[in-house]
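Chain residues, written in single-letter form:
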Amino acid sequence: MTILVAAGLAILFGEKIPLERLFEAFQPMIVALSIMIAAVLVRLNRGMPSLEWKSIDPVRRSQLTGRIVEVVREYITIVAINAVMLVYLVSLITIGKGEIGASWSVLGQRIAAAMVGFGLGLCFVRMGYVIWRDLDIVKLQKALIDATATKDADAAEAAAAAAAAAEKIVDIKAAGLRKISIPEPKAWGK
């Protein structure tokens, strides 16, 4: 899907949007890409969640930590892709609209515009994918936390029930009840 969206934007930008017109949008594009990088860097700073790891099911714990490592790799990929895109946009700005219009062929300008579309598509789709992956990890964390809390609550409830049963046995013994003899049951009609 990532490649399809990026390729679709590349075709759209290369065919329909002249590179000289894109210069007006470069500044907002640079700001958006910079914000995305900053958001990823903030997320990278969070690391692993703080949980009582020993009380969590080892298989589910391994799933969670594995997914967190995978998404961190995705973050690094996003930072790299966005950095390349930023360098590309700043390079185009540095070359300048006048120089590009005067010395670049129409095909060269279309390819450069297509690369802008491809890069933006790649950046935004990858960012959306990582947001979806983060949501997946949060759902797994919720399941693990709920399971741990339920396990703790069940253990506390079982301990309270055992204490109540022991207290009732003490009460019964303290009541001084004596055993009575019960005759064997007889069949009806005999």
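Criteria and cut-off values
- Residues numbered from 1 in each chain as written.
- Predicted model: local features only at pLDDT ≥ 70, side-chain atom pairs only at ≥ 80, totals over all residues.
- Heavy atoms only, no water.
- Axes fitted to C-alpha atoms, helices over the stretch in contact; angles between N-to-C directions.
- Helix = DSSP H or I, 4+ residues; strand = E, 2+ residues; numbered from the N terminus.
- Parallel < 35°, antiparallel > 145°, perpendicular 65-115°, else oblique.
- Left-handed = near helix turned anticlockwise from the far one by under 90°.
- Nonpolar A, V, L, I, M, F, W, Y, C, P; charged D, E, K, R; others polar.
- Phe/Tyr/Trp six-rings, centres within 6.5 Å; stacked < 30°, edge-to-face > 60°.
- Buried < 20%, exposed > 50% of the residue type's maximum accessible area, 1.4 Å probe, protein only.
- Core = buried A, V, L, I, M, F, W, Y, C linked by side-chain atoms within 4.5 Å.
- pLDDT = per-residue confidence, 0-100.
- Salt bridge = Lys/Arg side-chain N within 4 Å of Asp/Glu carboxyl O.

J.: Hey, could you run me through the packing of helix α2 (residues 19–46) against helix α3 (residues 58–95) in this one?
T.: Any two packed helices are characterised by how steeply their axes cross, that is the angle between the axes, and by the distance between the axes. Remark: α2 packs on α3, axes separated minimally by 9 Å, with the N-to-C direction vectors making an angle of 155°. The orientation of α2 with respect to α3, classified from their angle, is roughly antiparallel. The chirality of how α2 crosses α3 is left-handed. Across the contact of α2 with α3, the residue classes break down as 22 nonpolar, 2 polar and 1 charged.

J.: What is the right way to look at the packing of aromatic side chains in this model?
T.: Any pair of aromatic rings gets described here by the distance separating the centres and the angle formed by the planes. In total, this model carries 2 aromatic pairs according to the counting rule given. Look at Phe23 and Phe26: their rings are 4.9 Å apart centre to centre, the planes differ by 50°, and that puts the pair in the tilted class. Pair noted here: Phe23 and Phe26 are both in helix α2, with a separation of 3 residues, about one helical turn. You can call Phe23 buried: its relative accessible area is 14%. With relative accessibility at 0%, the residue Phe26 sits in the buried group.

J.: Hey, could you run me through the nonpolar core in this one?
T.: Counting 36 residues, the largest nonpolar core has Leu19, Phe26 and Val116 as the members making the most contacts within it. Within the residue set of this core, elements represented by two or more residues are α1 (2–16), α2, α3 and α5 (106–174).

J.: What is the right way to look at the confidence of the model for the protein in this model?
T.: Atomic detail in the predicted coordinates should be set aside for any region of low pLDDT. Per-residue confidence for the protein gives a mean pLDDT of 85; residues scoring 70 or more make up 93%. Averaged over each element, pLDDT in the protein is lowest for α5 (84) and highest for α1 (91).

J.: Teacher, can you tell me more about the pattern of salt bridges here?
T.: Pairing is possible between side chains that carry opposite charge, provided their charged atoms lie close to one another. Under the counting rule described, the total for this entry stands at 4 salt bridges. Between Asp134 and Arg43 there is a salt bridge, with the nearest N and O atoms lying 3.3 Å from each other. Note that Asp134 is positioned in helix α5 and Arg43 in helix α2, a separation of 91 residues in sequence. For the residue pair Asp134 and Arg43, the accessibility class agrees, reading buried in each case. A salt bridge links Glu74 to Arg126; the nearest nitrogen and oxygen atoms lie 2.4 Å apart. Linking Glu74 in helix α3 with Arg126 in helix α5, this pair joins segments that are 52 residues apart in sequence. For the pair shown, Glu74 and Arg126 are each scored as buried.

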